[in-house]
Amino acid sequence: MTPDGHRTRTRRGLAAAVAVARGAGLPTADPQVVSERGNLVVHLVPEPVVARVATSTAWTRSDPSAWLAREVSVAAHAARRGAAVIPPAPGVDPGPHQRDGFWVSFWTYLPCSPQRADAESCGESLARLHLALADYPDELPWLTPVRDQIQDGLAALEREHVLSSAELKALRVRHEAVLAEVDGIGGPAAVLHGDAHPGNLLLADGRWRWADFEESCRGPREWDLAVLAGNFTSDVPAALRAYAEVIGESPCRTTDLAPFRRARELEAVVWLLGMAHLHPDRYAARARSALAELLDRPGGSRRRATTSIRSA
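Conventions we followed
Residues numbered from 1 in each chain as written. Predicted model: local features only at pLDDT ≥ 70, side-chain atom pairs only at ≥ 80, totals over all residues. Heavy atoms only, no water. Helix = DSSP H or I, 4+ residues; strand = E, 2+ residues; numbered from the N terminus. Rg over C-alpha atoms; globule rule 2.2 N^0.38 Å. Buried < 20%, exposed > 50% of the residue type's maximum accessible area, 1.4 Å probe, protein only. Contact = heavy atoms within 4.5 Å. Areas by Shrake-Rupley, 256 points an atom, 1.4 Å probe, with all protein chains shown as cover. Lys, Arg positive; Asp, Glu negative; His and termini not counted. Charge placed at Lys NZ, Arg CZ, Asp CG, Glu CD. Pairing = 2+ DSSP bridges. Expected span 1.5 Å × (residues − 1). Axes fitted to C-alpha atoms, helices over the stretch in contact; angles between N-to-C directions. Core = buried A, V, L, I, M, F, W, Y, C linked by side-chain atoms within 4.5 Å.

A. Region of the structure containing the overall build of the protein. Secondary structure summary: the protein contains 10 helices and 10 strands in total. Relative to the compact-globule value of 20 Å for 312 residues, the protein shows a C-alpha radius of gyration of 19 Å, a close match. Each principal axis of the C-alpha distribution contributes one length, and for the protein these read about 55 × 50 × 35 Å. When the 312 residues of the protein are sorted by exposure, 54% land in the buried category. Summarising the internal contacts of the protein: among those between residues at least 6 apart in sequence, 73% fall at separations of at least 24. Just so you have it, the protein exposes about 13,400 Å², and 50% of that area is on carbon and sulfur atoms. Charged side chains in the protein number 36 positive and 38 negative. The centres of these two groups are separated by 2 Å.

Structure representation (structure tokens):
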């Protein structure tokens, strides 16, 4: 996508957010863009409400509304159970709402610090989130990031002729391999955040709060732990110990996370390739490098997965 195309999409997404907000009775005179990376995030000043517009994320998904509906539902349940999350906006239908080809949801605006949580805080916060979601009553798909996110991302790359047929085939073969590798392993099923890297744990209103539940799903807790662990090196044991202390179990072994980290690495590379198509100046060099590194290694490589791409 050209810079002009990106600006046009941002302008159209902002117009859609304003139109939906106006219909909901929210202020629209002074919308402030907070972020325009994976999603367009707009603060509806002066209300403590943000409109979140699926822009780049929608490009990689066959049904963006389903992802956003799950996000709203899971985050709302966690908030009702007292979990530290960025909750959907109160007093208004949080959505998702469709307008002019965009999907929009409403969230509580909380100013966030740029500070990142350390390993112990991440492990503890993730455990408390899992406990809060233990009684989530609705159906959720199984391991959405490993299944649908990669499958839909590859379909989008094929549709837009981003990769060669050989590259697409190699990535699909690797996808089949990671699906087979994670099938039936891990502990009991739980409701997962799905994208539990430290960039989605925000310091807001004096608490570490989880945000971005678009990839929420059911699956073994090892998936969320693998995503979290992929962002630390020597601190991985500390994160796993902190998680285990809250859950009341023995710490998970890092070797148990390896298959999930390989799956996460594939997901991250497919995501990067999509973002490189949409934002070439920002992502193209990194995407090609990550693709080459992935395809040059055997499928069983245990090297550290790149799991924080989407926070860039």
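B. Main features of the pairing of strand β1 (residues 30-36). In this sheet, strand β2 (residues 39-45) lies alongside β1 in antiparallel orientation, the contact comprising six bridges. Along β2, the bridge assignment pairs D30 with V45.

C. Molecular detail of helix α8 (residues 236-247). In this model α8 runs 17 Å from its N-terminal to its C-terminal C-alpha over 12 residues, within 8% of the 16 Å that 1.5 Å per residue would give. Turning to α8, its buried residues are V236, A238, A239, L240, A242, Y243, A244 and I247. Downstream of α8 by one or two residues, G248 has phi in the positive range, about 85°.

D. Summary view of helix α3 (residues 64-80). Along its 17 residues, α3 runs 25 Å from first to last C-alpha, staying within 8% of the 24 Å computed at 1.5 Å per residue. Those residues of α3 that fall on the buried side of the exposure criterion are P64, S65, W67, L68, R70, E71, V72, V74, A75, A76, H77 and A78. Of the surrounding secondary structure, the elements contacted by the buried residues of α3 are β3 (49-54), α2 (56-59), β5 (102-108), α4 (119-132), α5 (145-159) and β7 (189-192).

E. Main features of the sheet that holds β1. Here five strands make up an open sheet; going across it, the order is β1-β2-β3-β5-β4 and the pairing antiparallel. Looking along the sheet, the strands with just one partner apiece sit at the ends: β1 and β4 (97-99). Each adjacent strand pair in this sheet contributes to an overall mean axis angle of 30°, direction not counted. With five bridges joining them, β3 and β5 adopt antiparallel strand pairing. Looking across to β5, one finds that V53 is bridged to V104. Against the sheet, α3 engages β3 and β5, with an angle of about 10° to β5.

F. Looking closely at the sheet that holds strand β9 (residues 207-210). Taken in spatial order, the three strands of this open sheet run β6-β8-β9, and their pairing is antiparallel. A strand with exactly one partner marks an edge of an open sheet, and here the two such strands are β6 (112-113) and β9. The pairing of β6 with strand β8 (residues 201-204) spans two bridges and is antiparallel. Among the inter-strand pairings, C112 is bridged to a residue of β8, identified as A204. Against the sheet, α4 engages β8 and β9, with an angle of about 60° to β9.

G. Region of interest: the environment of R286. Relative to the helices and strands, R286 resides in helix α10 (residues 280-295). Each C-alpha atom of the pair R286 and L273 lies 8.8 Å from the other, and the pair is 13 residues apart in sequence.

H. Representation of the nonpolar core. Core analysis: the biggest nonpolar cluster contains 72 residues, and L126, L129, L157, L171, W210, W223 and L273 have the highest contact counts within it. Broken down by element, the residue count for this core peaks at 12 residues, all from helix α9 (residues 254-278). Beyond its immediate stretch of four places on either side in the chain, W223 contacts L143, P145, V146, L192, G194, F260, A263, R264 and E267. Residues A16, V53, V104 and F106 belong to the second largest nonpolar core, which totals 16 residues.

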